[in-house]
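A look at the structure
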Amino acid sequence: MKRLEMKVSVLLVALFFSFGCNKENRTNNFYQDSNVFQDSYGRTLILHGASLYTNDEPGGYTRYNSNGAKRLINDWGLNSVRMFWNWNAIEPDSAVFAPDKLEALVRVVENFTNEGVFVVLAVNGTATSSQHLITGTWQAPAGKAVNNPDLPGALNPAVQESMRRFWDYKNYAYLQDEFIKAGKYLANRLKSNPYVLGYDILNEPWGDGLVSTVLNVNLESQLLPALYQRYITMMRETENDKYIFFEPGVLFNIKEIASFQTKLPVINDIRSGVKRLAFAPHCYLANERTNTIKNSYDSYLGILKKNYTAIQQKQQVPIYIGEWANIDYTTFSDWENYLNQHMAAFDDIKASWSYFSYIPGENNLVKGDDVTENPTANTIARVYPRATSGELLSFNYQPDTKVFKMSFINYASIEQPSEIFIPRRHFLNGYVLTVTGSTNYTQEFDSAKNLLKLKVNENREINVRITAK
């Protein structure tokens, strides 16, 4: 979401959450845990990423090339991207798919996955999300409703009617069915790519009208759960193992409006074994032009952490903040502190995130290989445990003192080492590593990727401390 500048009164019901264990002992000697992201080796993943935003159809993504992908993971340590795809481009007519548009998107996906960057694919352009992208197409039938493009978004009568029909599964089932088929069409093409992490069902969903959305009378309690379970059931026919990301209603993302609370019931997976789902909210201020929380970070982020954690415990899935920090660093005077405060809060709850949006300098978006970057990139590049060979207990990084701490329970049976990103730009003279809990370990530093690889050969609780020389 870019900016939502409206004042609304929202009545939310308090939710009470219970915490349970959702783990499965696997024959390959590691636990598969639904509460965290895990790679094929069993390592716990923390995802730091960027959103690739464009209103173009898939061919418009050609500005994101392999050079940008290398910089993303090597310079800034961002091991993932959240990439939009357009339903209308992939399926230009009902049940008619466009292989050329699909392959154009796949080529961009592979620019990143070939560099070891995970990709999350999110739909940007449905009757209930970024509606302007499909107004007038077969995906947004409006009947006799007047299309008034001068009225923004859901205030346009044609958009209102197309939203109503999308959610009316009884009478217009083909809309949701074809929407899911388009996702399956994409998933079938990418299912053999291990770095395609999964699929975000619906970007910033609106309900079947303004009342549905603003008052949340049925969006999160009825409409979204029905679509999500239908999507999961159908997607698992094509893709059984990748993650499926589900979002709350659009207003959840605004603390000033919904205070990070949701009416979503537990969303279930139908695959055998543990869930491969993720809760994927966005995190914005109501007006990103001004920092309305400059003097209340502790309170604001305390509520965020409490409510995100409660949702995670209820859903038994990892938290993936699909978008956050849509700020203008040229006018937002507290931007560096804003970013650091948020990332520290995300670290506290071991949340993954995707920064909005792509962070090179503007020339990079045109040339694709420019070496400039936005100043925010320097702050976003921070020490974090990209992959942990075991159970990640906690981690935190203090950018002012350049001190990183991490605790985890090591599983010696996991063959691959733990990986910690240490950006050279902040550790110009190198770093000092201190490991407690075991002396039976090896370390290696990949200078090209700014990556410390730590292999511990015991099943022990390990504490890591990294400081600048």
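Right, let's walk through the structure included here. (Residues numbered from 1 in each chain as written. Predicted model: local features only at pLDDT ≥ 70, side-chain atom pairs only at ≥ 80, totals over all residues. Heavy atoms only, no water.)

Here we take up the packing of aromatic side chains. Scanning all chains against the criterion turns up 23 aromatic pairs. Here phenylalanine 37 and tyrosine 243 contribute two aromatic rings whose centre-to-centre distance is 4.9 Å and whose plane-to-plane angle is 70°, an arrangement assigned as edge-to-face. Linking phenylalanine 37 in strand E3 (residues 37-38) with tyrosine 243 in strand E9 (residues 243-246), this pair joins segments that are 206 residues apart in sequence. Here the two residues phenylalanine 37 and tyrosine 243 agree in accessibility, since each one is buried. An aromatic cluster of at least three residues, connected via ring pairs, comprises Trp87, Trp138, Phe166, Trp167, Phe179 and Tyr231. The positively charged end of arginine 230 is found above the aromatic ring belonging to tyrosine 169, 3.6 Å away from the centroid. (Phe/Tyr/Trp six-rings, centres within 6.5 Å; stacked < 30°, edge-to-face > 60°. Helix = DSSP H or I, 4+ residues; strand = E, 2+ residues; numbered from the N terminus. Buried < 20%, exposed > 50% of the residue type's maximum accessible area, 1.4 Å probe, protein only. Lys NZ or Arg CZ within 6 Å of the ring centre and 35° of its normal.)

This part is about the pairing of strand E17 (residues 403-410). The buried fraction of E17 is high, at six of eight residues. Relative to E17, strand E16 (residues 390-398) is paired through eight bridges, and the arrangement is antiparallel. Bridge pairing in E17 places asparagine 396 opposite lysine 405. From the end of E16 to the start of E17, which pair antiparallel, there are four residues, and lysine 402 there has a positive phi angle of about 55°. Here E17 pairs with strand E22 (residues 461-468) via seven bridges, running antiparallel. Each bridged residue has a counterpart across the sheet, and for serine 407 the counterpart in E22 is asparagine 463. (Pairing = 2+ DSSP bridges.)

For the rest of this paragraph, the subject is the pattern of salt bridges. Overall, the coordinates contain 21 salt bridges when judged by the stated rule. Put simply, arginine 164 and glutamate 161 hold a salt bridge, and the shortest N to O gap is 2.8 Å. Within this pair, arginine 164 and its partner glutamate 161 are both found in helix H4 (residues 157-167), separated by three residues, close to a single helical turn. The exposure class assigned to arginine 164 is partly exposed, which follows from its relative accessible area of 33%. A salt bridge links aspartate 241 to arginine 271; the nearest nitrogen and oxygen atoms lie 2.9 Å apart. Within this pair, whereas aspartate 241 is found in the loop between helix H7 (219-235) and E9, its partner arginine 271 is found in the loop between helix H8 (255-258) and strand E10 (277-279), the two being separated by 30 residues in sequence. Among the charged side chains, a salt-bridge network with shared partners connects Asp39, Arg43, Arg386 and Glu419. (Salt bridge = Lys/Arg side-chain N within 4 Å of Asp/Glu carboxyl O.)

A separate point is the sheet that holds strand E6 (residues 80-85). Taken in spatial order, the eight strands of this open sheet run E10-E9-E8-E7-E6-E5-E14-E12, and their pairing is parallel. Of all the strands in the sheet, just E10 and strand E12 (320-321) have a single pairing partner and so form its edges. Pairing of strand E5 (residues 48-52) with strand E14 (residues 352-355), which is carried by three bridges, proceeds in the parallel orientation. From the neighbouring strand, histidine 48 faces E14, where its bridge partner is tryptophan 353. Packing of H7 onto the sheet brings it into contact with strand E8 (196-200), E9 and E10, and relative to E9 it is tilted by some 165°. (Contact = heavy atoms within 4.5 Å. Axes fitted to C-alpha atoms, helices over the stretch in contact; angles between N-to-C directions.)

This part takes up the environment of isoleucine 134. Relative to the helices and strands, isoleucine 134 is located in the loop between strand E7 (118-123) and H4. Using a relative accessible area of 1% as the deciding quantity, one classes isoleucine 134 as buried. Remark: the alpha-carbon pair of isoleucine 134 and valine 159, spanning 25 residues in sequence, is separated by 9.4 Å.

Okay, unusual backbone geometry next. With a phi angle near 65°, alanine 95 is a residue other than glycine that sits in the positive phi range. Looking at where alanine 95 falls in the secondary structure, it is placed in the loop between helix H2 (87-90) and helix H3 (99-113).

Right, let's get into helix H9 (residues 297-315). Between its terminal C-alpha atoms H9 stretches 26 Å, which fits the 27 Å expected from 19 residues at 1.5 Å a residue. Where H9 ends, the next residue or the one after it, glutamine 316, has phi of about 60°, a positive value. (Expected span 1.5 Å × (residues − 1).)

Moving on, we come to the nonpolar core. The nonpolar side chains of a soluble globular protein tend to be buried, and buried together. By size, the foremost hydrophobic cluster in this structure holds 93 residues, and its most contacted members are Met83, Phe112, Leu121, Trp324 and Leu339. It is H7 that provides the largest number of residues to this core, a total of nine residues. Leave out the neighbours within four places in its chain, and leucine 339 touches Trp324, Ala325, Ile327, Tyr355, Thr376, Thr379 and Ile380. Membership of the second largest hydrophobic core comes to 23 residues, among which are Ile46, Met406, Phe421 and Val456. (Core = buried A, V, L, I, M, F, W, Y, C linked by side-chain atoms within 4.5 Å.)

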